[in-house]
Amino acid sequence: MHHSTHDLLSPVPGVARQLHSFHFGPRGASKVYIQASLHADELPGMLVAWHLKQRLAELEQQGLLRREVTLVPVANPVGLEQVLLDAPLGRFELQSGENFNRNFVDLSDSIGDQVEQHLTQDAEHNLTLIREYLRRDLDLHPAVTPLQSQRLTLQRLACDADMVLDLHCDFEAVEHLYTTPEAWPQVEPLARYLGAQASLLATDSGGQSFDECFSLVWWQLQQRFGKRFPIPLGCFSVTLELRGQADVSHDLARRDCQAILDFLTHAGVIAGQAPELPDLPRAATPLAAVEPVVAPLGGLLVFHAKPGQYLEAGQLIAEVIDPLSDRVSALRNTQAGLLYARSVRRMATAGMVIAHVAGEHACRSGYLLAN
Ligand SMILES: [Zn+2]
């Protein structure tokens, strides 16, 4: 195992922050990148990463790693220290209000312009060429804020991986994941080993999130040059939502760690025979078919449905109670689907999203992510 530290731009004199990466297995052309807790208040993945760290070190010692695995167990030190009045605030940077998992650098146009004259009919050559330009462009890209510095450091560590796993969680949720329709055939075994209750697919959900900045750059280059040159999809990425924020336990983390190792064995990263693929709990559905259920007015939120419950159209998900006027409002889904995540808050404010239901028919377009 090789341990590297990466200095982040210091916000003020006297404060130093670093990202730590752990590298296992042989260094080479292909690698797997895994990070946890980019949203710093989503901690189940950090425990999974800690278990992975021990297991990957053992596998490396046994000579069973065929490719490099890079692990970043604490992907957001900036957000991790944001505790305000006893409440951890790890999703948005307090300085800028920006979501930590948005606005990663989009390099597809500039890389496309630079590589165009060097592309050939050899897909392997094009893959290597594009990766070189990705690394070089990110190295040259300026960072003028600590947030940009953190984003760029993460993006540099992962830009030449052919597989990126980003470990998150929701508020209260069953295990689910986000990836692209193009990557789904490769991600499906992971969904099976993990027992993902929902697999939500979109090519571009609009926020330039961490996972999408890797899959999109290849997809966009393929759209631009695919008729003239063979452009492989050099990276697939997936965001794993490891249940809810409070689901930090060794039992769950060991299970998720084992699922990821089984998947890596299935993918040939780890030598050996992978266990038989379990059934997929539920077919993948479009992210555009997810219904965010909104409370149109504020009040005490009393849930009637739990994450993991399949709902018929029009089923009661929650009541919003105004204890002053005694008005009780029922919140229902319009489309049948799986309630896979709900809020941890119990006082709804008007306009608040209280739950997400994965339906089968697209009902949204444009920007598809939560804030
Ligand atoms: Zn997250």
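This write-up is about the structure you can find in this document. (Residues numbered from 1 in each chain as written. Predicted model: local features only at pLDDT ≥ 70, side-chain atom pairs only at ≥ 80, totals over all residues. Heavy atoms only, no water.)

1. Notes on the state of the cysteines
Working step 1: On inspection of all chains with the given rule, the structure shows zero disulfides.
Working step 2: Cys159 carries a free sulfur, and the closest cysteine sulfur to it, the one in Cys213, is 9.1 Å from it.
Working step 3: Residue classification places Cys159 among the buried positions, given a relative accessible area of 3%.
Working step 4: Left without a disulfide partner, Cys257 is nearest to the cysteine sulfur of Cys169, which lies 17 Å away. (Disulfide = S-S within 2.5 Å. Buried < 20%, exposed > 50% of the residue type's maximum accessible area, 1.4 Å probe, protein only.)

2. What about the sheet that holds strand E16 (residues 316–321)?
Working step 1: The antiparallel open sheet is built from four strands, whose spatial order is E17-E16-E14-E19. Only two strands of the sheet have a single neighbouring strand rather than two, namely strand E17 (328–332) and strand E19 (347–348). (Pairing = 2+ DSSP bridges. Helix = DSSP H or I, 4+ residues; strand = E, 2+ residues; numbered from the N terminus.)

3. Side note on the packing of helix H5 (residues 146–158) against helix H7 (residues 210–225)
Working step 1: At a minimum axis separation of 11 Å, H5 and H7 run at an interaxial angle of 45 degrees. By the angle between their directions, the pair H5 and H7 is classed as oblique. The handedness of the crossing between H5 and H7 is right-handed. Contacts between H5 and H7 involve Leu154, Gln155 and Ala158 from the former and Phe210, Cys213 and Phe214 from the latter.
Working step 2: Grouping the constituent residues of the contact of H5 with H7 by class yields five nonpolar, one polar and no charged. (Axes fitted to C-alpha atoms, helices over the stretch in contact; angles between N-to-C directions. Parallel < 35°, antiparallel > 145°, perpendicular 65-115°, else oblique. Left-handed = near helix turned anticlockwise from the far one by under 90°. Contact = heavy atoms within 4.5 Å. Nonpolar A, V, L, I, M, F, W, Y, C, P; charged D, E, K, R; others polar.)

4. A short note on the coordination of the zinc ion
Working step 1: Note on the zinc ion: its protein donors are His39 (ND1), Glu42 (OE), Glu42 (OE) and His168 (ND1). The metal-donor distances range over 2.0 to 2.6 Å.
Working step 2: Bound by four donor atoms, the zinc ion shows angles of 54 to 143 degrees at the metal and therefore irregular coordination geometry.
Working step 3: Donor residues binding the zinc ion come from one chain and are separated in sequence as H-x2-E-x125-H.
Working step 4: Among the residues examined, Glu42 registers a relative accessible area of 5% and is labelled buried. (Donors = N, O, S within 2.8 Å, 3.2 Å for Na, K, Ca; no water. Tetrahedral: all angles 85-135°; square planar, octahedral: opposite > 155°, others 65-115°.)

5. Some thoughts on a nonpolar patch on the surface
Working step 1: A cluster of nonpolar residues, Leu84, Leu85, Leu89 and Leu94, forms a patch on the protein surface that exposes about 420 Å² of accessible area.
Working step 2: Looking at where Leu89 falls in the secondary structure, it is placed in the loop between strand E6 (87–88) and helix H3 (108–115).
Working step 3: For Leu89, a relative accessible area of 31% puts it in the partly exposed group. (Patch = residues over 30% accessible without salt bridge, like charges linked within 9 Å, V, L, I, M, F, W, Y side chains within 5 Å. Areas by Shrake-Rupley, 256 points an atom, 1.4 Å probe, with all protein chains shown as cover. Salt bridge = Lys/Arg side-chain N within 4 Å of Asp/Glu carboxyl O.)

6. What to know about the packing of H3 against H7
Working step 1: H7 packs onto H3 with a crossing angle of 50 degrees between their chain directions and a minimal axis gap of 10 Å. The orientation of H3 relative to H7 falls into the category oblique. Judged by the sense of rotation from one axis to the other, the crossing of H3 with H7 is right-handed. Side by side, H3 and H7 meet where Ser108, Asp109, Ile111, Gly112, Asp113 and Val115 of the first sit next to Val217, Gln220, Leu221, Arg224 and Phe225 of the second.
Working step 2: Each residue belonging to the contact of H3 with H7 can be placed in one class, and the counts come to five nonpolar, three polar and three charged.

7. A word on the packing of aromatic side chains
Working step 1: Here the structure, examined in full by the defined rule, presents three aromatic pairs.
Working step 2: A centroid spacing of 5.9 Å and a plane angle of 45 degrees characterise the contact between Tyr33 and Phe210, whose relative ring orientation is tilted. Linking Tyr33 in strand E3 (residues 31–36) with Phe210 in helix H7, this pair joins segments that are 177 residues apart in sequence. Both residues of the pair, Tyr33 and Phe210, belong to the buried class. (Phe/Tyr/Trp six-rings, centres within 6.5 Å; stacked < 30°, edge-to-face > 60°.)

8. Quick notes on the environment of Ala49
Working step 1: Examined against the element boundaries, Ala49 turns out to sit in helix H1 (residues 44–61).
Working step 2: Separated by 210 residues in the primary sequence, Ala49 and Ala259 place their C-alpha atoms 12 Å from one another.
Working step 3: Ignoring sequence-local partners within four residues, the contact set of Ala49 consists of Ala36, Leu71 and Pro73.

9. Topic: the sheet that holds strand E1 (residues 2–7)
Working step 1: On the basis of which strands lie adjacent, the open sheet formed by nine strands has the order E1-E2-E4-E3-E7-E11-E9-E10-E12 and mixed pairing. Taken across any chain shown, the strands that pair with only one partner, and hence form the sheet edges, are E1 and strand E12 (285–286).
Working step 2: Note: strand E2 (residues 18–24) against strand E4 (residues 68–72), three bridges, orientation antiparallel. Bridge pairing links Phe24 to Val69 in E4.
Working step 3: In the packing of helix H6 (residues 184–194) onto the sheet, contacts are made with strand E7 (163–170), strand E9 (176–179), strand E10 (198–201) and strand E11 (236–244), and the angle to E11 comes to roughly 25 degrees.

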